[in-house]
Protein chains: 2
Amino acid sequence: MKMTVYVRNVPIGGDFPVTVQSMTNTMTVDTVSTIAQVNGLHAAGAAMVRVSVPDFDSVKTIKELAKGNVPIIADIHFDYKLALAAINSGVDKIRINPSNLSKQGISEVVKACRDRNIPIRVGVNKGSVKNNDFSAANMAALAIESASLIEEEGYNNIVLAVKSSDIRTTVEAYRILDKLCDYPLHIGLTEAGTKQSGIIKSSVAIGSLLLDGIGNTVRVSLAADPIEEVYAAKTILRAAGLDKNFVEIIACPTCARTCIAVEELATRLEERVKNVTVPMKIAVMGCIVNGIGESKGARLGVAGGKSVSSVFLDGKVIKTVKNELIIDEIMRITEELLK
Amino acid sequence: MKMTVYVRNVPIGGDFPVTVQSMTNTMTVDTVSTIAQVNGLHAAGAAMVRVSVPDFDSVKTIKELAKGNVPIIADIHFDYKLALAAINSGVDKIRINPSNLSKQGISEVVKACRDRNIPIRVGVNKGSVKNNDFSAANMAALAIESASLIEEEGYNNIVLAVKSSDIRTTVEAYRILDKLCDYPLHIGLTEAGTKQSGIIKSSVAIGSLLLDGIGNTVRVSLAADPIEEVYAAKTILRAAGLDKNFVEIIACPTCARTCIAVEELATRLEERVKNVTVPMKIAVMGCIVNGIGESKGARLGVAGGKSVSSVFLDGKVIKTVKNELIIDEIMRITEELLK
């Protein structure tokens, strides 16, 4: 089992649930916009939010954020004094890439983190590789080596990440890294791209790791509004069975057998329940082929028939409803169940 | 290695590339709409298309489809005589679920398939389970048992599938099944739901199997226009590294360091290259942190700077461009590269 570290009051590692995180894309120096985005990401489901600190003018925003309700991670590159300023401003974790800091800089940063007992996330990626060996094994070894720079300073409050924009390299590197250390792992695919393809690429990479029990905190990286990263990460966690507190909508893909408006009903249900955090399953099935089995296994289910459809509650048919009335009826029963 | 079967001229199994397939959701009896949808799915990238045959009136459409350019799979439930009619109409493969056919029916179907040497896809799912044991191991065993019903008739031109709407069960069942047989595997997550969440769920399930080398043909099942299934399946194959003939857009997720309009440029590029089947990588990076490394690794790359951005071609900076002109310049160079 992995060690547990705490980002303010939020645990990462051990037996604790895998957390979702995201990162702001406002100019950090713009305090109002950055605070608004941090709060929006938190409300959407990010347990913690990372903020880039590219210059000393941005530190004033970091100070304000540190007073707020959301655990904040400062993202630092090149200048260790920015890290010291962020740490002294009260952030809850910092992220560094040791390959772009001096040994002296790392030593100062570790000392400051130890004084406040905040975790350091060591994020290694392709750019960290010096010897042109971009293999998964080398990436994982580099992460371990980077962690050792911190251990040498007598500190082990560490989260590790080893991201590549190549999915196979990323998955393989994490599989190796998982076996090599007890540090909790921050997982994700870096530079996944646009919302459309980036969500699929991230789901393949992150999902396959989570299914095998690898990963303690997740970030989806999209060239899109970061709120989309949070929604995608939450859905990936749910897909991997790691968050059961939601209403799962099972829906058939429709075919020539379909007797009811499956897509419309499923989409309306999904919209209705998107903020509900009670575990429940609703099955929307267009015909009886798999309709009866799936409906029986759900809290609420519908299996389309030629002119009337069967409505299932807790595995039993409670009524049949004319197909033209089925959407309204299922929406009505859903409202009752959600009460 | 898996056996190879042929759906008309398209191989499934062996060393052959993993194929994408989809399924019509028109009323099959509506010949014009069904032919149009089959052709649209094929043009979008489906190597073969499945069509439900719910009644004898639909067989006339199957006859027409069988004369076309697209390999056709007939989906049959309950009535083996529908299968016989479809086989005699010239379809290239049939899909049955032995749990809803009689032993006599299966025997007749196998005989007809053998006469035309077309493969049978045995699709087992939750509804096929008789003893309430929905475990992955039992599902996999059921698939093997179903295949043995066909083997007993002296035929082994078989593709196997074992789908559940639960992702962990699906992945685990396929992992077990993969070890138990040499039949090529049709993989997918059944009843994945709406486009929004169904794509993520399917990517996690199918992607993690493909990354481990499991699966010979893929279907994504969405309660949406089936063309979305084809796009999603193609992107999953590309994510898993199984289709390299496309232009990959690497794009950073943007943060306070970002100097250029990454999302806009990445989205415009993705739209421009969506039908290009030449392997190429383009990196759109908002700053120098990972921008230089990723740009160097791409055919074309851009790393944003404070007022000017560096343009990389084949790993070398070829020019710097003012940030307000960078989108036009990258689009222009892309056009040249695509010539």
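Before any of the text, the structure's been laid out above.
The paragraphs below set out a description of the structure included in this document. (Residues numbered from 1 in each chain as written. Chains lettered and ligands numbered in written order. Predicted model: local features only at pLDDT ≥ 70, side-chain atom pairs only at ≥ 80, totals over all residues. Heavy atoms only, no water.)

**Concerning the overall build of chain A**
The test is simple: Strands are runs of DSSP state E lasting at least two residues, helices are runs of H or I lasting at least four, and both sets are numbered from the N terminus onward. Categorising residues by exposure relies on relative accessible area from a 1.4 Å probe, with only protein chains included: less than 20% of the type maximum marks a residue as buried, more than 50% marks it as exposed, and the intermediate range marks it as partly exposed. Any two residues having at least one pair of non-hydrogen atoms within 4.5 Å are treated as being in contact.
Across its full length, chain A holds 11 helices and 15 strands. Here the C-alpha coordinates of chain A stretch approximately 75 × 40 × 35 Å along the principal axes. Looking at chain A as a whole, 63% of its 339 residues qualify as buried. A sequence separation of at least 24 residues applies to 61% of the contacts in chain A between residues at least 6 apart.

**Details of the nonpolar core**
The nonpolar side chains of soluble globular proteins are, as a tendency, buried together. Counted only if it meets this: Only buried Ala, Val, Leu, Ile, Met, Phe, Trp, Tyr and Cys residues count toward a nonpolar core, and they belong to the same one when joined by side-chain atoms within 4.5 Å.
The biggest cluster of nonpolar side chains holds 160 residues, and the ones touching the most others in it are Ile94 and Leu160 of chain A together with Ile94 and Leu160 of chain B. Ignoring any residue separated from it by four or fewer positions in sequence, one finds isoleucine 94 of chain A in contact with Ile73, Ala74, Ala83, Ile87, Val109, Cys113, Ile118, Pro119, Ile120 and Arg121 of chain A.

**Focus: the relation of the copies chain B and chain A**
Both copies of the chain are related by one operation, a rotation about an axis with a shift along it. Selection criterion: Superposition of the copies used a least-squares fit over C-alpha atoms from residues whose pLDDT is at least 70 in both.
For the match of chain B to chain A, the screw axis carries a shift of 0.0 Å, the RMSD comes to 0.0 Å, and the turn is 180°. Taken together, the turn and the small shift mark the pair as related by a two-fold rotation axis.

**Things to note about the packing of helix α5 (residues 136-151) of chain A against helix α6 (residues 167-180) of chain A**
Working note: a packed helix pair is described by the angle between its axes plus the distance between those axes. All names here are of chain A. Note the following rule: For every element, the axis is a line fit to its C-alpha atoms; helices are fit only across the contacting stretch, and the angle between N-to-C directions ranges from 0 to 180 degrees. Should an angle lie under 35 degrees it is considered roughly parallel, over 145 roughly antiparallel, and from 65 to 115 roughly perpendicular; all remaining angles are considered oblique. By convention the crossing between two helices is left-handed if the near helix lies anticlockwise of the far one by an angle smaller than a right angle, and right-handed if it lies clockwise.
α6 packs onto α5 with a crossing angle of 45° between their chain directions and a minimal axis gap of 8 Å. With respect to α6, the element α5 is oriented oblique. For α5 against α6, the interelement crossing comes out right-handed. Touching Ala136, Ala137, Met139, Ala140, Ala143 and Ile144 of α5 are Thr169, Glu172, Ala173, Ile176, Leu177 and Leu180, all from α6.

**A word on the environment of glutamate 153 of chain A**
Residues and elements named next belong to chain A. Structurally, glutamate 153 can be placed in the loop between α5 and β8 (158-163). Relative accessible area serves as the criterion here: at 23%, glutamate 153 is assigned to the partly exposed category. Sequence-distant contacts of glutamate 153, that is, excluding residues within four places in its chain, are made with Lys103, Ser107, Val110 and Arg114.

**Describing the sheet that holds strand β13 (residues 300-303) of chain A**
All names here are of chain A. Applicable threshold: At least two bridges found by DSSP between two strands is the condition for calling them paired.
What the five strands build is an open sheet, ordered β11-β12-β13-β14-β15; its pairing is mixed. For this open sheet the edge positions go to β11 (247-251) and β15 (316-322), each flanked by a neighbour on one side alone. Averaged over all pairs of adjacent strands, the angle between their axes in this sheet comes to 20°, without regard to strand direction. In the sheet, β13 pairs with strand β14 (residues 308-313) via four bridges, with the strands oriented antiparallel. When the sheet's bridge partners are listed, leucine 300 is paired in β14 with leucine 313.

**Here we look at the pairing of strand β2 (residues 10-13) of chain B**
Residues and elements named next belong to chain B. With four bridges connecting them, strand β1 (residues 4-7) and β2 associate as antiparallel partners. Note on β2: the bridge partner recorded for valine 5 is isoleucine 12. Here β1 hands over to β2 after two residues, with arginine 8 in that stretch at a positive phi of 55°.

**What to know about the packing of aromatic side chains**
Residue and element names in this part refer to chain A. Put simply, the rule reads: Centres within 6.5 Å are what make two rings of Phe, Tyr or Trp a pair, Trp counting through its six-membered ring; a difference in plane orientation under 30 degrees is then read as stacked, over 60 as edge-to-face, and the rest as tilted.
Tallied over the entire structure, the rule returns two aromatic pairs over all chains. Relative to phenylalanine 16, the ring of tyrosine 6 lies with its centre 6.3 Å away and its plane at 70°, an arrangement referred to as edge-to-face. Residue tyrosine 6 is located in strand β1 (residues 4-7), and its partner phenylalanine 16 is located in the loop between β2 (10-13) and β3 (19-23); the two are separated by 10 residues in the primary sequence. The exposure class assigned to tyrosine 6 is partly exposed, which follows from its relative accessible area of 43%. Phenylalanine 16 gets classed as partly exposed once you look at its relative accessible area, which sits at 36%.

**What about the sheet that holds strand β14 (residues 308-313) of chain B?**
Residues and elements named next belong to chain B. Taking strand neighbours across the sheet as the criterion, the five strands line up as β11-β12-β13-β14-β15 in an open arrangement whose pairing is mixed. Because the sheet does not close on itself, it has two edges, and the strands there are β11 (247-251) and β15 (316-322). Averaged over all pairs of adjacent strands, the angle between strand axes in this sheet comes to 20°, irrespective of strand direction. Sheet topology places β11 next to strand β12 (residues 280-285); five bridges connect them, and they run parallel.

**Points about the side chain of lysine 93 of chain B**
Where we set the bar: Neither His nor the chain termini are counted; the positive set is Lys and Arg, and the negative set is Asp and Glu. Think of a salt bridge as a Lys or Arg side-chain nitrogen and an Asp or Glu carboxyl oxygen that are within 4 Å of each other.
Of note, lysine 93 of chain B is situated in strand β6 (residues 93-96). Buried within the structure, lysine 93 of chain B lacks any salt-bridge partner; its nearest side chain of opposite charge belongs to aspartate 75 of chain B, at an N-O separation of 9.4 Å.

**Let's talk about helix α8 (residues 226-239) of chain B**
Quick reminder of the rule: The span expected for a helix works out to 1.5 Å for each residue beyond the first.
Over its 14 residues, α8 of chain B extends 20 Å from the first C-alpha to the last, a length consistent with the 20 Å expected when each residue adds 1.5 Å. The buried count for α8 of chain B comes to 10 of 14 residues, which makes it a mostly enclosed element. Among all positions of α8 of chain B, only Pro226, Glu229, Val230, Ala232, Ala233, Thr235, Ile236, Leu237, Arg238 and Ala239 of chain B are buried. Summarising the contacts, the buried residues of α8 of chain B are in contact with α6 and α7 (195-211) of chain A together with β3 (19-23), α1 (31-44), α7 (195-211) and β10 (217-218) of chain B.

**Quick notes on the state of the cysteines**
Put simply, the test is: The disulfide criterion is simple: two cysteine sulfur atoms within 2.5 Å.
Going through the model one piece at a time under the given rule, you end up with zero disulfides over all chains. Cysteine 181 of chain A takes part in no disulfide bond, and the closest cysteine sulfur, belonging to cysteine 113 of chain A, lies 18 Å away. Sulfur of cysteine 252 of chain B: no disulfide; nearest cysteine sulfur belongs to cysteine 287 of chain B and is 6.5 Å away. Given a relative accessible area of 9%, cysteine 252 of chain B falls into the buried group.

**Regarding the interface of chain B and chain A**
Basically, it comes down to this: Accessible area, probed at 1.4 Å, shrinks when two parts are joined; the buried area is that loss added up over both. Under the rule applied, a polar contact is a pair of N or O atoms within 3.5 Å (in protein, one hydrogen donor and one hydrogen acceptor; residues adjacent in sequence only if both atoms are side-chain atoms). In this classification, the charged set is Asp, Glu, Lys and Arg, the nonpolar set is Ala, Val, Leu, Ile, Met, Phe, Trp, Tyr, Cys and Pro, and all remaining amino acids, among them Gly, are polar.
Counting residues at the interface gives 74 residues for chain B, matched by 74 residues for chain A. The contact between chain B and chain A buries some 5700 Å² in all, and 56% of this surface belongs to carbon and sulfur atoms. Counting across the interface, chain B meets chain A through four salt bridges. The interface formed by chain B and chain A includes 21 residue pairs in polar contact (both at pLDDT 80 or more). By residue number, the principal contributor to the side of chain B that touches chain A is α7 of chain B, which donates 11 residues. Looking at the side of chain B that touches chain A residue by residue, the class counts come to 34 nonpolar, 25 polar and 15 charged.

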